[in-house]
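# Observations on the model geometry
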Amino acid sequence: MAKPEDDLSDPVVRNHNNDEEEEEEGEQNDDIEDEGEGEDEEEDKDLESQKAKLRNRFQNFFSRIQHESIPIRVHDVVIKGNTKTKDYLIEAVTASLKDASTIQELFAASSEVNFRLQALEIFDSVKITLDSGPPELPGTANVIVDVVETRSPLLGEIGVFNKGEASSSSLEGTLKYKNIFGYGDLWDGALAYDCDRKAEISAGVFLPRFKGLVTPVTARLFLQSQDCLKFSSFKERSLGLSLGLFSTQNHDLVYNLAWRTLTDPSRMASSSIRRQLGHGLLSSLKYTFKIDRRNSPLRPTHGFAFVSSTQIGGLAPDSHSLRFLRQELDLRCAIPLGFYRSALNLGISAGVVFPWGSGFLGMSSPLPERFFLGGNLSPVCTLGGPTSLWGFRTRGLGPTEPRRQFQSNPANENTDSGRDHLGGDLALAVFADFSFDFPSKWLSAKGIHGHFFASAGNVEKLTENAYRNFSLRKFTESFRSSVGGGVVIPTNLFRMELNYCYIWKKFGEDCGKSGFRVSFASPS
């Protein structure tokens, strides 16, 4: 009996024991799951805590940058990505990074270096990264400059440009090849033609930092031809070389060497023009000092600009060398008026040219170096000397002289064939321009705006003893002047002005008349 009882009891005991074991395993699994959930929650809390701490560190860091100077020292500047460009070129541009003594200075220097590297036009992209320095050197940083060299070194451009010595804008086409030898060198060939019948073909090279030189080096060969027969009865042709010796943001020094030829194919030139015909050697040094604090060169609304240009010619021991001194001054000021983005632009420019050498008081100044007022440029957009005057044509005012008379055949009497404009040795021009936005948002978004203007100027002869008869009162009383208004339309290729000009004052031989005029300027 016992056996069977035992046999009956055993299963019950086993089943009971199995249930207890399952309950214990379940409790253990529950404990494990509870512990796992607890660990995940703790990990999430730790991660959030780390993020919060990191966020607070960044906030504190940027707050310190804004309110206090954080000292730092640049340990190393690492350059990456350049395969063709010489290391020394990039090192020269990035040298200012090592001068930074605070975080703020380092950020500012990095921004400036990025701009300068982009301005070389040989990189598609530039990325500057600031990293911590070696652990054993606290308070230091490494700067990583990563560049991507341009994939297409060949570049073509076309546009409308202004030159300070020109009285009109020119249409120019340029073909550039970048970084051939890895010095950041830019080689280009250009063709240019302007409304004054002046054509130029040239080729040049620009080296931003060559070997031990501190400033850029430029060299340019050019062939120029200008037809002045319509106003001054001569054609000019120059073949020469221009060398940029020194160039910074405010200073520029250029040497020009050219063989110049003046001819008169019409054989109608006045006696003053005929005395200037023939060959001449231009060997000159030109220094320009420039400050431009305006917010825009094409539509200034605030700021000022000043340019002083000094040129001395005759730096060659040759009888054909053209000896002269030329000085130009230009001052501009833009005053914001506070409504419709309006501004008042005021400008005054002056220039004088004089020969030098034995008996210079009785000599005449070189014809191409004289001042001629007029042309199709807006005075607002020209900076560098007296050249433009609204409403007057190119070489449209100043001293004139009758052209020589001719006979078409022996039976006819002599007929007067017009007058030659001779230019002046002294020039002065002033202008005022009031620009404003139209009420239309669409026109304002496109940059189309209106303006009213007034301008006045005069040129006078001083050489060949003419200075003896010069009178300041007579000079100011003989000022030519014009007023008007119009619409300015900027495009990607050029800036166009549609103006109505009213000639307020002119004299008999001046080439200027009231009416509508179209002028162009460079968009940049």
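Note that this is a predicted model, so its numbers are computed, not measured. (Residues numbered from 1 in each chain as written. Predicted model: local features only at pLDDT ≥ 70, side-chain atom pairs only at ≥ 80, totals over all residues. Heavy atoms only, no water.)

Here we come to the packing of aromatic side chains. One pass over the full model with this rule turns up 13 aromatic pairs. Their ring planes at 80° and their centres at 6.2 Å tell us that Trp-390 and Phe-431 sit as a pair that is edge-to-face. Taken as a pair, Trp-390 in the loop between strand 14 (343-355) and strand 15 (400-402) and Phe-431 in strand 17 (residues 426-437) lie far apart in primary sequence, 41 residues in all. Aromatic side chains Phe-470 and Phe-475 sit 5.7 Å apart centroid to centroid with 50° between the ring planes, which places their arrangement in the tilted category. The exposure class assigned to Phe-470 is partly exposed, which follows from its relative accessible area of 30%. Looking at Phe-475, the relative accessible area reads 4%, which means it is buried. One cation-aromatic arrangement involves Lys-86 over Tyr-183; the distance from NZ or CZ to the ring centre is 5.5 Å. (Phe/Tyr/Trp six-rings, centres within 6.5 Å; stacked < 30°, edge-to-face > 60°. Helix = DSSP H or I, 4+ residues; strand = E, 2+ residues; numbered from the N terminus. Buried < 20%, exposed > 50% of the residue type's maximum accessible area, 1.4 Å probe, protein only. Lys NZ or Arg CZ within 6 Å of the ring centre and 35° of its normal.)

With that out of the way, let us pick up the side chain of Ser-365. Along the chain, Ser-365 falls in the loop between strand 14 and strand 15. Once residues lying within four places of it in the same chain are set aside, the contact partners of Ser-365 are Gln-276, Val-353, Pro-355, Arg-370, Asp-425 and Thr-463. (Contact = heavy atoms within 4.5 Å.)

It is worth spelling out unusual backbone geometry at this point. Look at Arg-267: it is not a glycine, yet its phi comes out positive at around 60°. In this fold, Arg-267 is placed in the loop between strand 10 (251-263) and helix 5 (271-274). You will see that Arg-341, though not glycine, has its phi angle at about 55°, which is positive. Residue placement: Arg-341 occurs in the loop between strand 13 (324-336) and strand 14.

A few words on the sheet that holds strand 1 (residues 73-80). Taken in spatial order, the 3 strands of this open sheet run 1-3-2, and their pairing is mixed. Two strands close off the open sheet at either side, each with one partner strand: strand 1 and strand 2 (123-132). Put simply, the sheet's adjacent strands are angled 15° from each other on average, direction ignored. Bridge count between strand 1 and strand 3 (residues 140-149): 7 bridges; the pairing is parallel. Bridge pairing in strand 3 places Val-74 opposite Ala-141. Contacts between helix 3 (residues 103-119) and the sheet are confined to strand 1, strand 2 and strand 3, with strand 2 contributing the most and set at about 160° to the helix. (Pairing = 2+ DSSP bridges. Axes fitted to C-alpha atoms, helices over the stretch in contact; angles between N-to-C directions.)

Here we come to a nonpolar patch on the surface. Together, Leu-154, Leu-175, Tyr-177, Ile-180, Phe-181 and Trp-187 make up a nonpolar patch on the protein surface, roughly 580 Å² of accessible area in all. Positionally, Trp-187 belongs in strand 6 (residues 186-194). (Patch = residues over 30% accessible without salt bridge, like charges linked within 9 Å, V, L, I, M, F, W, Y side chains within 5 Å. Areas by Shrake-Rupley, 256 points an atom, 1.4 Å probe, with all protein chains shown as cover. Salt bridge = Lys/Arg side-chain N within 4 Å of Asp/Glu carboxyl O.)

The next subject is the pairing of strand 11 (residues 278-292). Pairing of strand 10 with strand 11, which is carried by 12 bridges, proceeds in the antiparallel orientation. Of the residues in strand 11, the one forming a bridge with Arg-260 is Gly-280. The pairing of strand 11 with strand 12 (residues 303-313) spans 9 bridges and is antiparallel. Residue Leu-285 lies in a different strand from strand 12, and its bridge partner there is Ile-312.

This part takes up the nonpolar core. The biggest cluster of nonpolar side chains holds 25 residues, and the ones touching the most others in it are Leu-97, Leu-106, Leu-117, Leu-120, Phe-123, Val-143 and Val-145. Taken together, the elements giving at least two residues each to this core come down to strand 1, helix 2 (87-93), helix 3, strand 2 and strand 3. With 5 residues, the top contributor of residues to this core is helix 3. Residues contacting Leu-106, with those up to four places away along its chain left out, are Val-74, Leu-97, Ala-100, Leu-130, Ala-141 and Val-143. If you look at the next biggest cluster of nonpolar residues, it comprises 14 residues, including Leu-322, Phe-371, Leu-373 and Ala-427. (Core = buried A, V, L, I, M, F, W, Y, C linked by side-chain atoms within 4.5 Å.)

It should be kept in mind that the predicted coordinates are not to be read in detail where pLDDT is low. When the pLDDT values of the protein chain are averaged, the result is 83; 84% of them are 70 or greater. With pLDDT under 50 throughout, residues 1-22 is counted as low confidence; its partners more than four residues away or in other chains account for 0 contacts. Ignoring residues within four places in sequence, the model shows residues 409-416, a span with pLDDT below 50, making 7 contacts including any to other chains. (pLDDT = per-residue confidence, 0-100.)

Moving on, we get to the environment of Phe-436. As for its placement among the helices and strands, Phe-436 is situated in strand 17. With 97 residues separating them in the primary sequence, Phe-436 and Phe-339 have C-alpha atoms 8.0 Å apart.

Checked against the element boundaries, Val-93 lands in helix 2. Overall, the relative accessible area of 10% leaves Val-93 in the buried class. Residues Val-93 and Arg-209, 116 residues apart in the sequence, show an inter-C-alpha distance of 8.8 Å. Setting aside anything within four residues of it in sequence, one finds Val-93 in contact with Val-113, Arg-116, Leu-117 and Leu-120.

With that out of the way, let us pick up a positive patch on the surface. The grouping of Lys-230, Arg-393, Lys-506 and Lys-513 at the surface amounts to a positive patch. Relative to the helices and strands, Lys-513 resides in the loop between strand 20 (495-505) and strand 21 (515-521). By relative accessible area, which is 62% here, Lys-513 ends up exposed. (Lys, Arg positive; Asp, Glu negative; His and termini not counted. Charge placed at Lys NZ, Arg CZ, Asp CG, Glu CD.)

Direction of pairing for strand 12 relative to strand 13: antiparallel, over a ladder of 11 bridges. Residue pairing for strand 13: Gly-313 is matched across the bridge by Phe-324. Summarising the sheet, strand 13 and strand 14 pair through 13 bridges and their orientation is antiparallel. By the bridge assignment for strand 14, Phe-324 is matched with Pro-355. Counting the residues that bridge the hairpin from strand 13 to strand 14 gives 6 residues, and of these Gly-338 lies at a positive phi of roughly 90°.

With that settled, the discussion passes to the pattern of salt bridges. Inspection of the entire model under this criterion finds 17 salt bridges. Where Arg-260 meets Glu-236, a salt bridge forms, and the shortest distance between an N and an O atom there is 3.5 Å. Of this pair, Arg-260 sits in strand 10 while Glu-236 sits in strand 9 (residues 235-247), and the two are 24 residues apart along the sequence. For the pair shown, Arg-260 and Glu-236 are each scored as buried. The closest approach of N and O atoms between Glu-509 and Arg-419, which form a salt bridge, is 3.8 Å. Highlighted residues: Glu-509 in the loop between strand 20 and strand 21 and Arg-419 in strand 16 (residues 419-421), separated in sequence by 90 residues. One connected set of salt bridges, linked through shared partners, spans Glu-121, Glu-157 and Lys-176.

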